[in-house]
Amino acid sequence: MFSDQQVRIGLCADTHFWPTNTLYCGSNGSLQLQPWSEQLLTVLLTELAKAQLDCVIHMGDITCGGGVYGMPENDFYTALDQTKAKYQKLALPFYALPGNHDCPPGGGNWSYFEKLWNLEPGMGTTIETPMARLVLLNTQGHSPQQLETAKPTDPVYGWVNEAELARLETMLATAASRPVLLFTHQLLHRWSGDKAWQDFYGVRNADAVLKILEQYGNVRAVFQAHAHRYDAQVSMLGRKPCHFIVLPALIEYPLGWLRLELDPDCVKVALQRLPLPDLASLAGYSGEGQLWRAGKPEWANIRIAFT
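Residues numbered from 1 in each chain as written. Predicted model: local features only at pLDDT ≥ 70, side-chain atom pairs only at ≥ 80, totals over all residues. Heavy atoms only, no water.

A. View of the overall build of the protein. Looking only at helices and strands, one finds seven helices and 14 strands in the protein. What you see for the protein is a C-alpha radius of gyration of 18 Å, in line with the 19 Å of a compact globule of 307 residues. Dimensions of the protein, computed from C-alpha atoms along their principal axes, come out at roughly 50 × 45 × 40 Å. The burial tally for the protein puts 60% of its 307 residues in the buried class. Long-range pairs, those at least 24 residues apart, make up 72% of the contacts in the protein with a sequence separation of at least 6. With the model as given, the accessible surface of the protein reaches about 12,600 Å², and the carbon-plus-sulfur share is 50%. Placing the 24 positive and 30 negative side-chain charges of the protein at their respective mean positions leaves the two points 5 Å apart. (Helix = DSSP H or I, 4+ residues; strand = E, 2+ residues; numbered from the N terminus. Rg over C-alpha atoms; globule rule 2.2 N^0.38 Å. Buried < 20%, exposed > 50% of the residue type's maximum accessible area, 1.4 Å probe, protein only. Contact = heavy atoms within 4.5 Å. Areas by Shrake-Rupley, 256 points an atom, 1.4 Å probe, with all protein chains shown as cover. Lys, Arg positive; Asp, Glu negative; His and termini not counted. Charge placed at Lys NZ, Arg CZ, Asp CG, Glu CD.)

Here it is, written out as structure tokens:
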């Protein structure tokens, strides 16, 4: 399926697709671009198709369910069905993780999303490449009690259930000499810089996940979504350094996704922006100013060694 010379992956998150006339703002007054959902998705798909990728991974919040948005239930199911059909037209292997907003409006579980994308309840999947093992970790493994307590919204924070923790440990234990790249929706590690942290950005049982990562020491990078900002930093996992990267959102500035190139000795990470300068400017100068969400210039291209 994959070349043993190079594997190219399109990594995107937080598209929040919902064609509506309502404008929404996130933290710091950041404008979200739901009224332009169709245009954003069309351009994203065009860019992904042009990028000569081997597969695409969507890291959650495909649409606007759960709480906050007040999305009608029929619109929620329609949006998930429509986006699945459009992503499939890429004729590329396409993998998806649920985000907190990929459950029905008013709260609930992710069963419809998981069935649509062939996932077991609360479970992710694994992608094998010649260079690295890619583990997609499902962080929407909340218990019925956690879901009920969160209503009428979604829990927002992440939770990895016991079965998914066991799968993660197995995937790391059996990776042999191959490095591992981990993908999650909510964050296992806080972003860098001075922007205020809120607990709902994180995985509530992140300590249990990080303990497993520290035990095996073969995870070279963790890619995280949910926070609608681009961030990159290196932190020690036990005695090994690990890159923790937060993806930008496609519904807010900088309208970006990441291109990963896996070579035999490293993974190269490149920020890609949708060629929509007017929409980017509209979002970038909204509220208190959102240009910081694009991260530092040196993060535009990152090389992560596998050794």
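More follows now that the structure is in view.
B. The nonpolar core, seen in detail. Grouped together as the largest cluster of nonpolar side chains are 42 residues, with contacts concentrated most on L33, L40, W117, L255, W257 and L274. Of all the elements in the fold, those that place two or more residues in this core are α1 (37-50), α2 (73-88), β5 (94-96), α3 (111-116) and α7 (277-284). Ranked by the residues each element gives to this core, the list is headed by α1, at six residues. Look past the residues within four positions of L274 in its chain and what remains in contact with it is L40, V43, L44, E47, L250, L255 and W257. Judged by nonpolar contacts, the second largest core, of 34 residues, contains I127, L136, L181 and W299. (Core = buried A, V, L, I, M, F, W, Y, C linked by side-chain atoms within 4.5 Å.)

C. The arrangement of the pairing of strand β4 (residues 55-58) in detail. Neither face of β4 is open: one carries C55 and I57, the other V56 and H58, and all of them are buried. Across four bridges, the pairing between strand β1 (residues 7-12) and β4 is parallel. What sits directly across from G10, in β4, is V56. Pairing of β4 with β5, which is carried by three bridges, proceeds in the parallel orientation. (Pairing = 2+ DSSP bridges.)

D. Focus on the pairing of strand β11 (residues 240-246). Most of β11 is tucked away, with five of its seven residues classed as buried. The sheet contact formed by strand β9 (residues 219-224) and β11 spans four bridges and is parallel. When the sheet's bridge partners are listed, F223 is paired in β11 with I245. Pairing between strand β10 (residues 231-237) and β11: seven bridges, direction antiparallel. Residue pairing for β11: L237 is matched across the bridge by K240. Counting the residues that bridge the hairpin from β10 to β11 gives two residues, and of these G238 lies at a positive phi of roughly 70°.

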